[in-house]
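Each chain, written out:
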Amino acid sequence: MKQQITLFLLFLTTISFAQIKGTIKDKDGNALPFVNIYIENTYIGTTSNEHGKYELNTTQKNNVHLVFQYLGYKTQKHILNISSFPFEFDVTLQEEDFQLKEVVVVNGENPANEIIRNTIKEKKKNAAKTDKFEADFYSRGIFRAKDIPKKFMGVEIGDLEGNLDSTRSGIIYQSETVSKIKFQKPDDLKEEIIASKIAGDDNGFSYNTALKTNYDFYDNYVEFNINMVSPIADNAFNYYKYKLESTFYNESNQLINKILVTPKRDKEPVFEGYIYIVEDTWAIYGIDLDIKGYRMQQPILETMKLTQSFSYNSDNKIWAKNIQTLDFKAGLFGMKFDGKFTYVFTNYNFKDAFEKKTFGKEVVTFAENANKKEDSYWNEFRPVPLTEEETTNYIKKDSLQTLRKSQVYLDSVDAKGNKFKLLKIITGYTYKNSFKNWSFNYQGLTNLTSLSFNTVQGWNLDSGFSFRKWNEETGKYTSISSIVNYGFAEDRLRVKGNFYHRFNNINNAYISLNGGSAISQFNPNEPISNLVNSVATLFFKNNYMKLYNKEFAEINYGREVTNGVFASGKLLYENRRALFNNTDYTMIKNDDLYFSNDPLQPNNYTSVPFEKHHIMKASLGTRIRFGQKYISRPDGKVNIQNDNYPILSFYYEKAFGASNSNYHYDLISGTVDYNKTLGNKGDFGLRFKAGKFFNADNISFVDYKHFNGNQTHINLLNNSLNSFNLLPYYSHSTNDAYLETHIEHNFKGYIMNKIPLLNKLQWNLIGGFHQLNIPNMKPYQEFTVGFDNIGWGKFRFLRVDYVRSYQNGFQGDGVMFGLKF
């Protein structure tokens, strides 16, 4: 009963603010969703919701020329004289009486081709008309789930915080925003979000913004994960076929051409559907295009439909986008998802130029109390009325939120999970206090996920404790943890602890303290994972992982100093000791011996690679992201990388206080990272890493620069721009100067999708080059060619590369297998 009263009050509030309102249907009484409704020769408009209902706010009463425009239907213009508000006006739209009169076929030429050529020829002129503007912007997003199991891979899913009903279906996300935007092509944006609303989260700030919603088909490419080729791109005829299906006249007596767009090749990044072009001006009148998930290399996504409706102002002769919608369907493991995002642009003010400093690095801000707007505000300024489903979901989620945020409820939920049983001493135990935002976890005596094997420790596994406390509003986060590791063959217990505190979500300042006893690879980047090393050792007797023991203590501090510049510092003490193999166990019996634990002398089983010693290090580092933009949210800063510029990193390290003064040194190093999408021709990436040691002739081998080699032919780290494929792990370690070069280009199907039969595989061709330069040795080089996106259906997780290496001539070749999830 309480919910019914709330619905009734909300209904009354909606009526009181509505101006012109009504329902739009077709001749058979079916509701028409997302009809473009606007006052003629203005950019005051709205759209109907999924059930054909619309509301338009206006203070004008007399001689209101209201236009109803819907793709595939005759545009209607009605002149309204309104005595009082709210004013109800229902409309029935008739399907367009399409015709192809006066279409002349010249020399067998498809008439649609000439229209597209003219559109391509005039697109720069048409695009320039809307390249600078101010506007009011509204966005709404809804995300639904269906057939969600109670457990997935053994993990309890629950009801997703009350979002799922008894059929394991429901709306799991719903939000909307109202904002004012300033935009200048190609990508300058200044947006102030006036109001933000998320169902079931009164402190939530929606991520719905105008950022990344500028799907401009006048550009050659439209970005959807990868660059999709526009149907009116300069080279569009290489990708599309066109058919003039019909023509019709709009309310201004302008001839509109409805053109069917179909791909020439199915597996390329292309659209299909309809594009509507205005005769003579060759401007876009409307977009109704489908995107297949496999074409944008998102196989979980099944289909996405993009529609755009444009309105015309005869005073400035500009066609401007009023309505844009995105519908999608996705699915995986029997679970189904669908959603819709609606965007409404109104009250355009086109500019010849903006004042200097209008656009800066800050692209989105939130007005004060943007998330505290009352229902009366939304009922007045929401341009698209809510459906009954959306209204009910707001009421349900907001009511549930009050319950689920209460201490009584949170304590009751925690009490169920906090129950202690003796078995949890072995399997692990977690205690939560959700109301006060903290939790404690004990991993148990048999944390099998940590189980691994190496020849120093034999079988080994971890246990440990952790404590977390957080504040979602301020971004503060604190964790205290310990890891207890036991090696069975070594019969050695090691314990290390960690304290980490993040101060905020604005500059992400943090401090961390670490210390204890641990086993460590000589290469601190740990190029060999425990899983790969365990398999290589137990089944092939290839114990590539080389380890030493350290007792250590370190303190780290870092923060963003200014936008795009992050700095950090570290002070470290280590007491180091070499280790020997303690087991010859293997699962596949053979007569081969394990190599020793000496990284340079694999057959040396008696002496150590370094003498026992202690050392201290101090280091400073910085990372610079040029052109970085950001969103200023009340709950934190969200950085947006600018891929037009490289990322630079610099590092200085000084070793001192060692038990042997010969181990003191200085190291200066730097990294350049650059990644760029090249039209629809794929993603290019490069990484240069360089460094120079000073006063380091006799330093410990532990402190050498070690490179990320690979001798297992397996790569689980997906780090092709940070590693070599066939380089032995420690053959090129240096205490002098070095230069690493890593270059790779992923064609993202650009070549493969043009080859008959092979294009059905949907594999991506990848080429790469890797080089290592150090003094007194010829450069080491690798050339690679391979395929990514290998798999079947929605599961594409395999990459295969053929690699050939050179150093003063041919060295060897091999095949690398990579997995990514």
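### Thoughts on the overall build of the protein chain
Next, step 1: The helix and strand tally for the protein chain stands at seven helices and 44 strands.
Next, step 2: If you line up the protein chain on its principal axes, its C-alpha atoms span 100 × 75 × 55 Å.
Next, step 3: Every one of the 821 residues in the protein chain was classed for burial, and the buried ones make up 48%.
Next, step 4: Taking the contacts inside the protein chain whose residues are at least 6 apart along the sequence as the reference set, 60% of them involve residues at least 24 apart.
Next, step 5: Only carbon and sulfur atoms are counted for the fraction: they give 55% of the accessible area of the protein chain, which is about 39700 Å².
Next, step 6: Between the mean site of the 97 positive side-chain charges and the mean site of the 89 negative ones, the protein chain shows a separation of 2 Å.

### Considering the packing of aromatic side chains
Each aromatic ring pair is summarised here by two numbers: the centre-to-centre distance and the angle between the ring planes.
Next, step 1: Following the criterion strictly, the structure yields 57 aromatic pairs and no others.
Next, step 2: Both rings, one in Y215 and one in F224, keep their centres 4.5 Å apart while their planes meet at 15°; by these two values the pair is stacked.
Next, step 3: When its relative accessible area of 12% is taken as the criterion, Y215 is described as buried.
Next, step 4: Summarising the aromatic geometry, the rings of Y544 and Y729 are spaced 5.8 Å apart at their centres and angled 50° between planes, so their arrangement reads as tilted. Of the two residues, Y544 is situated in the loop between α7 (530–540) and β31 (547–562) and Y729 in the loop between β39 (714–715) and β40 (737–746); the sequence distance between them amounts to 185 residues. Here Y544 matches Y729 in class, with each residue buried.
Next, step 5: Ring pairs connect the aromatic residues Y43, F133, F137, F183, Y343, F345, Y348 and F350, which therefore count as one cluster.

### Thoughts on the confidence of the model for the protein chain
Next, step 1: Summing up the model confidence of the protein chain, the mean pLDDT is 91 and the portion of residues at 70 or higher is 96%.
Next, step 2: For the stretch residues 1–18, pLDDT sits under 50, and the model shows 19 contacts to residues farther than four places along the chain or on other chains.

### Things to note about helix α2 (residues 111–128)
Next, step 1: The end-to-end C-alpha distance of α2 is 26 Å, a good match for the 26 Å that 18 residues give at a rise of 1.5 Å each.
Next, step 2: Along its length, α2 shows its largest kink, about 50°, at E122.
Next, step 3: Among all positions in α2, only A112, N113, I115, I116, N118, T119, I120, E122, K123, N126 and A127 are buried.
Next, step 4: Structurally, α2 contributes buried residues whose contacts are with β16 (240–249), β17 (255–263) and β18 (272–278).
Next, step 5: Capping of α2 at its N-terminal end is provided by N110; its side-chain oxygen lies 3.0 Å from the backbone amide nitrogen of A112.

### Some details on the pairing of strand β9 (residues 132–146)
Next, step 1: Within β9, 11 of the 15 residues are buried, leaving the element largely enclosed by the surrounding structure.
Next, step 2: Here 14 bridges tie β9 to strand β12 (residues 170–184), and the two strands are oriented antiparallel to one another. The residue of β12 that forms the bridge with Y138 is V178.
Next, step 3: Pairing between β9 and strand β22 (residues 335–350): 13 bridges, direction antiparallel. Looking across to β22, one finds that G141 is bridged to F341.

### A short note on the environment of F345
Next, step 1: Looking at the element boundaries, F345 is found in strand β22.
Next, step 2: For the pair F345 and I44, spaced 301 residues apart in sequence, the C-alpha to C-alpha distance is 8.7 Å.
Next, step 3: Beyond its immediate chain neighbours, meaning those up to four positions away, F345 contacts D136, F137, I181, T213, K321 and N322.

What counts and how
- Residues numbered from 1 in each chain as written.
- Predicted model: local features only at pLDDT ≥ 70, side-chain atom pairs only at ≥ 80, totals over all residues.
- Heavy atoms only, no water.
- Helix = DSSP H or I, 4+ residues; strand = E, 2+ residues; numbered from the N terminus.
- Buried < 20%, exposed > 50% of the residue type's maximum accessible area, 1.4 Å probe, protein only.
- Contact = heavy atoms within 4.5 Å.
- Areas by Shrake-Rupley, 256 points an atom, 1.4 Å probe, with all protein chains shown as cover.
- Lys, Arg positive; Asp, Glu negative; His and termini not counted.
- Charge placed at Lys NZ, Arg CZ, Asp CG, Glu CD.
- Phe/Tyr/Trp six-rings, centres within 6.5 Å; stacked < 30°, edge-to-face > 60°.
- pLDDT = per-residue confidence, 0-100.
- Expected span 1.5 Å × (residues − 1).
- Bend = angle between axes of the 7 residues up to and from the residue.
- Polar contact = N/O pair within 3.5 Å; in protein donor to acceptor, adjacent residues only side chain to side chain.
- Pairing = 2+ DSSP bridges.

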